[in-house]
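Each chain, written out:
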Amino acid sequence: MDNHSYNYPSDCTPLTNCKSARKPAGSTVVNMSNAGKNPPRDYLVWSLCNTMYVNFCCLGFMALVYSIKARDQKTQGNLQLAQECSDKAKWYNILAAGWNMLVPLLAVVLLVLLLVHLGTSEGSFDFFGEDGFQSFMKLFSW
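This section reports on the structure supplied with the text. Residue positions are counted from 1 within each chain, in the order its sequence is given. With pLDDT at 70 or above as the cut-off, local features in this predicted model cover only qualifying residues; side-chain atom pairs require 80 or more to be listed or tallied, and sums for whole chains, interfaces and linings still use all residues. Only hydrogens and water are set aside when side-chain values are computed; all heavy atoms of the structure are taken into account.

Another point: the overall build of the chain. Within the chain one finds four helices and zero strands. Seen in sequence order, the chain has helices and strands lined up from the N terminus as α-α-α-α. Accessible area is worked out with a 1.4 Å probe on protein chains only. A residue is then buried under 20% of its type maximum, exposed over 50%, and partly exposed in between. A buried classification covers 20% of the 142 residues belonging to the chain. Two residues form a contact once any of their heavy atoms are found within 4.5 Å. Looking at the chain alone, contacts between residues at least 24 apart form 49% of all its contacts between residues at least 6 apart. Note on areas: Shrake-Rupley, 1.4 Å probe, and residue coverage restricted to the protein chains presented here. Entry remark: accessible area of the chain is about 11500 Å², with carbon and sulfur atoms responsible for 63%. Working definition: helices are DSSP H or I runs of at least four residues, strands are E runs of at least two. Numbering for both runs from the N terminus.

Rendered as structure tokens:
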């Protein structure tokens with residue numbers, strides 16, 4: 001169909017009310033202040049990973065809460081509050097990830113120090129000598 005085939009009375013045009021008189025044309029203002037900015041990140045996947053792993057002092061859970069708040073505010077269009085929640089989620093994730101890496105690292109260091117100490121100790125307990133492992137396991141049996 002051709003758009004030129006429609007005829008409208010002069011007082012009834014599309015998107016106007018035919019019963020009322022024509023109103024003078026006005027101006028439309030479009031706010032383009034946030035058009036060039038990227039929306040804030042919500043770090044939701046990172047928060048979920050930190051929540052599932054170790055989660056010391058609920059840092060991963062706090063990151064998850066702020067990630068969800070950031071996503072909600074971004075959806076509602078409140079980009080300033082979304083950015084604040086995004087920043088908090090990022091820092092909680094950094095703290096939780098740091099703690100999540102620190103715990104296994106400390107466990108490995110303590111195990112290595114234990115093995116070095118037991119290997120160099122003189123006396124009744126020689127871990128790397130003859131029957132050393134059996135003597136070590138007898139410490140933990142009743």
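Moving on, we come to unusual backbone geometry. For residues other than glycine, phi is negative in most cases, and the peptide bonds are mostly trans. Backbone geometry at Tyr43 places phi at a positive 55°, although glycine is not the residue there. By relative accessible area, which is 16% here, Tyr43 ends up buried. Phi at Cys58 takes a positive value of approximately 60°, unusual for a residue other than glycine.

We now examine the state of the cysteines. Two cysteine sulfur atoms form a disulfide, by the criterion used here, when they sit within 2.5 Å. What the rule picks out here adds up to zero disulfides. For Cys57, which is in no disulfide, the shortest distance to another cysteine sulfur is to Cys58 and amounts to 7.4 Å. Judged by its relative accessible area of 55%, Cys57 falls in the exposed class.

What follows concerns the packing of helix α1 (residues 44–52) against helix α2 (residues 59–76). Lines fitted to C-alpha atoms define the axes here, with helix axes fitted over just the stretch in contact, and angles between the N-to-C directions of these axes take values from 0 to 180 degrees. At a closest axis distance of 8 Å, the pairing of α1 and α2 adopts a crossing angle of 160°. Accordingly, the angle class assigned to the pair α1 and α2 is roughly antiparallel. As α1 runs across α2, the sense of the crossing is left-handed. Two secondary-structure elements touch here, α1 through Leu44, Ser47, Leu48, Asn50 and Thr51 and α2 through Gly60, Phe61, Ala63, Leu64, Ser67, Ile68 and Arg71. In the contact of α1 with α2, the residues fall into six nonpolar, five polar and one charged. Throughout, the term roughly parallel applies to angles under 35 degrees, roughly antiparallel to angles over 145, roughly perpendicular to angles from 65 to 115, and oblique to all others. By convention, the crossing between two helices is left-handed when the near helix turns anticlockwise from the far helix through less than a right angle, and right-handed when the turn is clockwise. Under the grouping applied here, Gly and all other residues not named as nonpolar or charged are polar, the nonpolar ones being Ala, Val, Leu, Ile, Met, Phe, Trp, Tyr, Cys and Pro and the charged ones Asp, Glu, Lys and Arg.

Moving on, we come to the packing of aromatic side chains. When the centres of two rings from Phe, Tyr and Trp lie within 6.5 Å, Trp using its six-membered ring, the rings pair. Their planes under 30 degrees apart give stacked, over 60 give edge-to-face, and anything left gives tilted. In the structure shown here, the tally under the stated rule is two aromatic pairs. An angle of 10° between the planes, with centres 5.8 Å apart, marks the rings of Tyr66 and Tyr92 as stacked. Taken as a pair, Tyr66 in helix α2 and Tyr92 in helix α3 (residues 79–120) lie far apart in primary sequence, 26 residues in all. Overall, the relative accessible area of 15% leaves Tyr66 in the buried class.

Another point: α2. Given the number of residues in a helix, its expected span is that number minus one, multiplied by 1.5 Å. The end-to-end C-alpha separation of α2 is 26 Å, in line with the 26 Å expected for 18 residues at 1.5 Å each. Along α2, the residues that are buried comprise Leu59, Gly60, Ala63, Leu64, Tyr66, Ser67, Ala70 and Gln73. One or two residues past the end of α2 sits Gly77, with phi positive at roughly 95°.

Considering the arrangement of structural elements, one finds Tyr53 in the loop between α1 and α2. Note: C-alpha distance between Tyr53 and Ala96 (43 residues apart in sequence) is 9.2 Å. Those residues within four positions of Tyr53 in sequence are excluded, and the remaining contacts are Asn100 and Pro104.

The topology assignment puts Asn50 in helix α1. Here Asn50 falls in the buried class, since its relative accessible area comes to 5%. Every residue in contact with Asn50, bar those within four places of it in the chain, is listed here: Asn55, Gly60, Asn93, Ala96, Ala97 and Asn100.

Don't take any of this as a statement about function, it's just geometry.
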